[in-house]
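An overview of the molecular structure
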Amino acid sequence: MEIESSLYLIPLLPLVGFLVNGLLGNQLPKWLVAVIACTGPFIAFLLSVQALQALATHPEGLHQAMFSWISTGTLNVPFGLQVDALTAIMLMNVTGIGTAIHLYSYGYMHADPSFSRFMAYLNLFLAAMLMLVMGDNLLLLFVGWEGVGLCSYLLIGFWYQDFANVDAGRKAFIVNRIGDFAFLIGAFTLYSLTGTLEWHGMEQAVAALDLNAMVVSGPMTGMPIMVALMIAGLCLFGGATGKSAQIPLYVWLPDAMAGPTPVSALIHAATMVTAGIYLLGRMDFLFVLLPAVMGVIALVAACTALLSGLIAIAQNDIKKVLAYSTVSQLGFMFAGMATGFFHTGLFHVVTHAFFKALLFLGAGAVIVAMHHEQDIRKMGGLWKDLKGVSILFIIGSLALAGVPPFAGFYSKDAILAAVYYQAASPGASPEWMVIFGMLVFTAGLTAFYTTRLVVLTFFGKPADEHRHLHEVHWTMMAVLAFLAALSALAGVLGLGTWLDTFTHHVWSPPAVEVNEALEHTAHYVAMGSSTAVVVLGIGAGLFLYLSESRREALDRWTKGSGARVYGMASHKFFVDEFYEAFIVNPIGWLAKLLWGVVDRIVIDSGIVEGSALSVSGFSAALRHTQVGAVSAATTSTLVGVIVVVLWLVLHG
Amino acid sequence: MISYYLLFAAALFSIGAYGVLARRNVLIILMSLELMLNGVNIVFVALSLVPHGVQMAPGGHVFVLMVMAVAAAEVAVGLAIVIALFRTRQTVDINDLQMMSG
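The rules behind the values
- Residues numbered from 1 in each chain as written.
- Chains lettered and ligands numbered in written order.
- Predicted model: local features only at pLDDT ≥ 70, side-chain atom pairs only at ≥ 80, totals over all residues.
- Heavy atoms only, no water.
- Helix = DSSP H or I, 4+ residues; strand = E, 2+ residues; numbered from the N terminus.
- Rg over C-alpha atoms; globule rule 2.2 N^0.38 Å.
- Buried < 20%, exposed > 50% of the residue type's maximum accessible area, 1.4 Å probe, protein only.
- Contact = heavy atoms within 4.5 Å.
- Buried area = accessible area lost by both parts, 1.4 Å probe.
- Salt bridge = Lys/Arg side-chain N within 4 Å of Asp/Glu carboxyl O.
- 1 Å grid on protein atoms, 1.4 Å probe; cavity = no way out; pocket = protein on both sides within 12 Å on 5 of 7 lines; lining within 4 Å.
- Points joined across faces, edges and corners; volume = space filled by probe spheres on them.
- Nonpolar A, V, L, I, M, F, W, Y, C, P; charged D, E, K, R; others polar.
- Phe/Tyr/Trp six-rings, centres within 6.5 Å; stacked < 30°, edge-to-face > 60°.
- Lys NZ or Arg CZ within 6 Å of the ring centre and 35° of its normal.
- Disulfide = S-S within 2.5 Å.
- Patch = residues over 30% accessible without salt bridge, like charges linked within 9 Å, V, L, I, M, F, W, Y side chains within 5 Å.
- Areas by Shrake-Rupley, 256 points an atom, 1.4 Å probe, with all protein chains shown as cover.
- Pairing = 2+ DSSP bridges.
- Polar contact = N/O pair within 3.5 Å; in protein donor to acceptor, adjacent residues only side chain to side chain.
- Arc of directions from axis to C-beta.
- pLDDT = per-residue confidence, 0-100.
- Axes fitted to C-alpha atoms, helices over the stretch in contact; angles between N-to-C directions.
- Parallel < 35°, antiparallel > 145°, perpendicular 65-115°, else oblique.
- Left-handed = near helix turned anticlockwise from the far one by under 90°.

Attention now moves to the overall build of chain B. Of regular secondary structure, chain B possesses three helices and zero strands. For chain B, the succession of helices and strands along the chain, N to C, is α-α-α. Against the 2.2 N^0.38 benchmark of 13 Å for 102 residues, chain B shows a C-alpha radius of gyration of 17 Å, more extended than a compact globule. Considering chain B as a whole, with its 102 residues, one finds that 25% of them fall into the buried category.

If you want it as structure tokens, here you go:
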């Protein structure tokens, strides 16, 4: 089978699974639902592998034009699928990790009465994500972009009987919509500059633009093209902050942990949140022209990484810690993208998908074993009872913390090296050194809170000596083992170097010439500093939390003299409260005002009821003239005739 | 010269109109209506005497014949209604026939 002509099967198969399970799932036995749900992603994975192999002989990429989607006047949008090196890597990620998570979901969710609905949503989510990475134009990407937003809403609020879950789902959807608005503005700006939405056409059109000229037509007439491109770049990045949980729109992701744990792993670690990174990588031809925008992205990313790292230290819900670490790691990815060495960000996307999926699914196994208890203070000592899960979870933690030789070390190191390279380049703006410092500090924080999480969960004294742990399903263990192998070995086996060479021709070359000596220095500086802070972080974590007496002293400190500092972090720096007070509430008041005054009084009472009332009132008054006397009728007729005749005589 | 005819016609029309408005007997009202119609007929005939260019304008005569025919038909229908009315209500006073008040 020629793979290029069957690319459409990759997103279609999960979609078919969604339709079958969504429409008929209630009537089918659960094992059949699971088989249908897992088969689609698995075949999609096999096809993705074929596509990846085919790229070796077609380095320019595979493309399948399907049909003309929108054709009105000058706007022509084709419906086509493409696979180049960037998409192929994302495909491996989405379908590979996706299939593993589908399998795990059978073990985790098979007792749930809405199991078939859950699997159907997962399939739809996967189909949307595949459309996102395979679409050959910006609008098709947006279809997938909205699709994953919808599915995250459906899956976060999956247990809709609990109002808190529904709220979290709504929050995710609305926050994402804010980002989508920025995305659309960016897309419109780009379209008005280039006149096309297809990747190749856009790349050529942007390359052909004279950056010193002015825009000659459209609503931006007279604006320098450079400024217009910066608006487009910033708006697209604004869209990415929504999907990929960066400041200021990261607040939805930690709340999204309300969904079932496999959802957290699938959406909020491995796939959906990487959509923003993918967008930056796909639009690389735009961003390499805009060093100022790249600086903004790197700064926002570093701030996000640092802020969420600090918050993660003070969280006690096992999934919340992981959620904030996801936000933090996404900051690393954006920083890597912003250096112009796009492969570093992509590398971290891949390794992060391995170990974060492992950590979330491991956390799911712990949660199942603890009968749906998520507070790490109530765990402790799980090592004795859950040896298998513990070992796998610790492998994931080491990878997250960035301990060599686990995968996370290599990718984080590559990003730090790229940032240092930027900072140390002659003529670099000084903010890059600050960014480098923030990221190194965050790497230390990551090691610290990961150690804290592991120690509190698996070591020490059990909070309850008489607990009976629930058995962990074998499909869950198998998936964990598979992901652990990837997390441990991906870096050692040279995934980073391979990714660099494999995707090299996709990226637009960075504006500066590569300085090899500086590259080496950057590499050593990054490796040295990151190893040092990781050792410090882990050491501090072990020192503070492994000993019972020190942990009690720490508890006293957080309740006593350190309550203010600790409270800031444990309350997430009051960002949610800030948004509540300054954005959500004013909008609520405005809505109440509009409802009470404009809707109730002006529209309902005034326009709708008012017009009806005025008609009936007028006719009630008019009715009295209708007395039924023939003489009155004839008199008024005659008066009317006289008036008309007089008017005609005088004015006619 | 022509204004005498017109003044006469106006007087006839006004007397008819007064009769229609002021009298209560339906038969009188029908007779007053005939007066109004004849007032109009006189205007037609009188005005057809006025030279229109070199020729006289005989069109007014045609209208008068037409009005007479229609008036005859109208009286036939009107009297039939009056008879039907009298048979059901035993009255021809229009002040007793105010059933259409709002």
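Continuing now.
Turning our attention to the interface of chain B and chain A. Each partner contributes to the interface: chain B provides nine residues, whereas chain A provides 10 residues. Together chain B and chain A conceal approximately 790 Å² of surface at their shared face, both sides included; 69% is due to carbon and sulfur atoms. Here chain B is connected to chain A by zero salt bridges.

The next thing to look at is empty space enclosed by the protein. One way to see where empty space is left: roll a probe the size of a water molecule over the atoms. Residue and element names in this part refer to chain A. Under the counting rule described, the total for this entry stands at two cavities of 30 Å³ or more. Size it by volume and the largest cavity reaches roughly 40 Å³. Top element by residues in the lining of the largest cavity is helix 18 (residues 407–424). It accounts for five residues. Residues that form the lining of the largest cavity fall into these classes: four nonpolar, three polar and two charged.

Let us now look at the environment of leucine 81 of chain A. Residues and elements named next belong to chain A. Within the secondary structure layout, leucine 81 lies in strand 2 (residues 75–83). Once the C-alpha coordinates of leucine 81 and leucine 12 are considered, the two residues, 69 residues apart in sequence, prove to be 12 Å apart. Ignoring any residue separated from it by four or fewer positions in sequence, one finds leucine 81 in contact with Leu7, Tyr8, Pro11, Leu62, His63, Gln64, Met131, Met134, Gly135 and Asp136.

Once that is clear, we can look at the packing of aromatic side chains. Aromatic ring pairs are described here by two measures, namely the spacing of the ring centres and the angle between the planes. All names here are of chain A. Per the counting criterion, the structure on display carries 23 aromatic pairs over all chains. Relative to phenylalanine 79, the ring of tryptophan 69 has its centre 6.0 Å away and its plane inclined at 85 degrees; by these criteria the two rings are edge-to-face. Of this pair, tryptophan 69 sits in strand 1 (residues 62–72) while phenylalanine 79 sits in strand 2, placing them 10 residues apart in sequence. For phenylalanine 79, a relative accessible area of 18% corresponds to the buried category. Centroid distance phenylalanine 578 to tyrosine 579: 6.1 Å. Interplanar angle 50 degrees. Geometry classified as tilted. Here phenylalanine 578 falls in the partly exposed class, since its relative accessible area comes to 45%. Within the aromatic cluster, the residues linked to one another by ring pairs are Phe118, Tyr121, Phe158 and Trp159. Lying across the ring of phenylalanine 332, lysine 412 places its NZ or CZ 5.6 Å from the centre. Taking NZ or CZ as reference, arginine 550 lies 4.0 Å from the ring centre of phenylalanine 543, over its face.

This part takes up the state of the cysteines. All names here are of chain A. The full count for this structure, using the stated rule, is zero disulfides over all chains. Free of any disulfide, cysteine 235 has its nearest neighbouring cysteine sulfur in cysteine 303, separated by 20 Å. A residue is classified by how much of its surface remains accessible, and cysteine 235, at 16% relative accessible area, is buried. For cysteine 303, a relative accessible area of 30% puts it in the partly exposed group.

What follows deals with unusual backbone geometry. Residues and elements named next belong to chain A. Cis rather than trans, the peptide bond between isoleucine 247 and proline 248 has omega equal to 5 degrees. Assignment of secondary structure puts proline 248 in the loop between helix 8 (225–243) and helix 9 (252–255). The omega torsion of the bond from proline 404 to proline 405 falls at 5 degrees, within 30 degrees of zero and hence cis. Along the chain, proline 405 turns up in the loop between helix 17 (387–401) and helix 18.

Here we come to a nonpolar patch on the surface. Residues and elements named next belong to chain A. A cluster of nonpolar side chains, namely Tyr8, Leu12, Leu15, Val16, Leu19, Leu23, Leu24, Met66, Phe67, Trp69 and Val143, defines an oily patch on the protein surface of about 950 Å² accessible area. Listed by contribution, the elements that provide at least two residues to the nonpolar patch are helix 1 (9–24) and strand 1. By the secondary structure assignment, valine 16 is in helix 1. Look at valine 16 and you get partly exposed, because its relative accessible area is 39%.

Both strand 1 of chain A and strand 2 of chain A contribute to a ladder of nine bridges, which runs antiparallel. Note on strand 2 of chain A: the bridge partner recorded for serine 68 of chain A is proline 78 of chain A.

Right, let's talk about the side chain of serine 48 of chain A for a bit. Residue and element names in this part refer to chain A. For serine 48, the location among the structural elements is in helix 2 (residues 30–57). Judged by relative accessible area, serine 48 falls into the buried class, the value being 1%. Looking at serine 48, its side chain comes within polar contact range of the main-chain oxygen of alanine 44, at 2.7 Å. With residues near it in sequence (within four places) discarded, serine 48 still touches Ile10, Leu91, Met92 and Thr95.

This brings us to the environment of aspartate 162 of chain A. Tracing the sequence through the fold places aspartate 162 of chain A in the loop between helix 5 (138–156) and helix 6 (163–194). Each C-alpha atom of the pair aspartate 162 of chain A and isoleucine 185 of chain A lies 36 Å from the other, and the pair is 23 residues apart in sequence.

Residue and element names in this part refer to chain A. Regarding helix 21 (residues 495–503), the residues found buried are Leu495, Gly496, Leu499, Phe502 and Thr503. The buried residues of helix 21 occupy an angular sector of 135 degrees when the element is viewed end-on, so they sit on one face. Of the exposed residues in helix 21, those oriented more than 90 degrees away from the buried face are Thr497 and Thr501. Buried residues in helix 21 make contact with helix 2, helix 3 (85–109) and helix 15 (342–369).

Residue and element names in this part refer to chain A. Scanning the model with the defined rule gives nine salt bridges over all chains in all. Close ionic contact of glutamate 146 with arginine 177 constitutes a salt bridge, the shortest N to O distance being 2.2 Å. Of this pair, glutamate 146 sits in helix 5 while arginine 177 sits in helix 6, and the two are 31 residues apart along the sequence. Using a relative accessible area of 22% as the deciding quantity, one classes glutamate 146 as partly exposed. Between arginine 177 and aspartate 180 there is a salt bridge, and its shortest N-O distance comes to 3.5 Å. Taken as a pair, arginine 177 and aspartate 180 lie in helix 6 at a separation of three residues, close to a single helical turn.

We now examine the confidence of the model for chain B. In the predicted model, chain B carries a mean pLDDT of 87, and 91% of its residues have values of at least 70. For this predicted complex, the interface confidence score (ipTM) comes to 0.79, while the overall pTM stands at 0.81.

Now for the packing of helix 3 of chain A against helix 20 (residues 474–489) of chain A. All names here are of chain A. At a closest axis distance of 7 Å, the pairing of helix 3 and helix 20 adopts a crossing angle of 155 degrees. When the axes of helix 3 and helix 20 are compared, the pair comes out roughly antiparallel. Helix-helix and strand crossings are classified by hand; for helix 3 and helix 20 the assignment is left-handed. Of helix 20, the residues touching helix 3 (which contributes Ile97, Ala100, Leu103, Tyr104, Tyr106, Gly107 and Tyr108) are Thr475, Met476, Val479, Phe482 and Leu483. Residues of the contact of helix 3 with helix 20, tallied by class, amount to 10 nonpolar, two polar and no charged.

Before going further, it helps to examine the environment of alanine 44 of chain A. All names here are of chain A. Structurally, alanine 44 is set in helix 2. On the accessibility criterion, alanine 44 (0% relative accessible area) is buried. Placed 427 residues apart in sequence, alanine 44 and glutamate 471 show a C-alpha to C-alpha distance of 31 Å.

What follows covers the packing of helix 13 (residues 291–313) of chain A against helix 19 (residues 431–458) of chain A. Residues and elements named next belong to chain A. With their axes 9 Å apart at the nearest point, helix 13 and helix 19 run at an angle of 25 degrees to one another. The angle between helix 13 and helix 19 falls in the class roughly parallel. For the element pair helix 13 and helix 19, the recorded crossing hand is left-handed. Contacts between helix 13 and helix 19 involve Met294, Gly295, Ala298, Leu299, Ala302, Cys303, Ala305, Leu306, Gly309, Leu310, Ala312 and Ile313 on the former and, on the latter, Glu431, Trp432, Ile435, Met438, Leu439, Phe441, Thr442, Leu445, Phe448, Tyr449 and Arg452. Its residues assigned to classes, the contact of helix 13 with helix 19 comprises 18 nonpolar, three polar and two charged.

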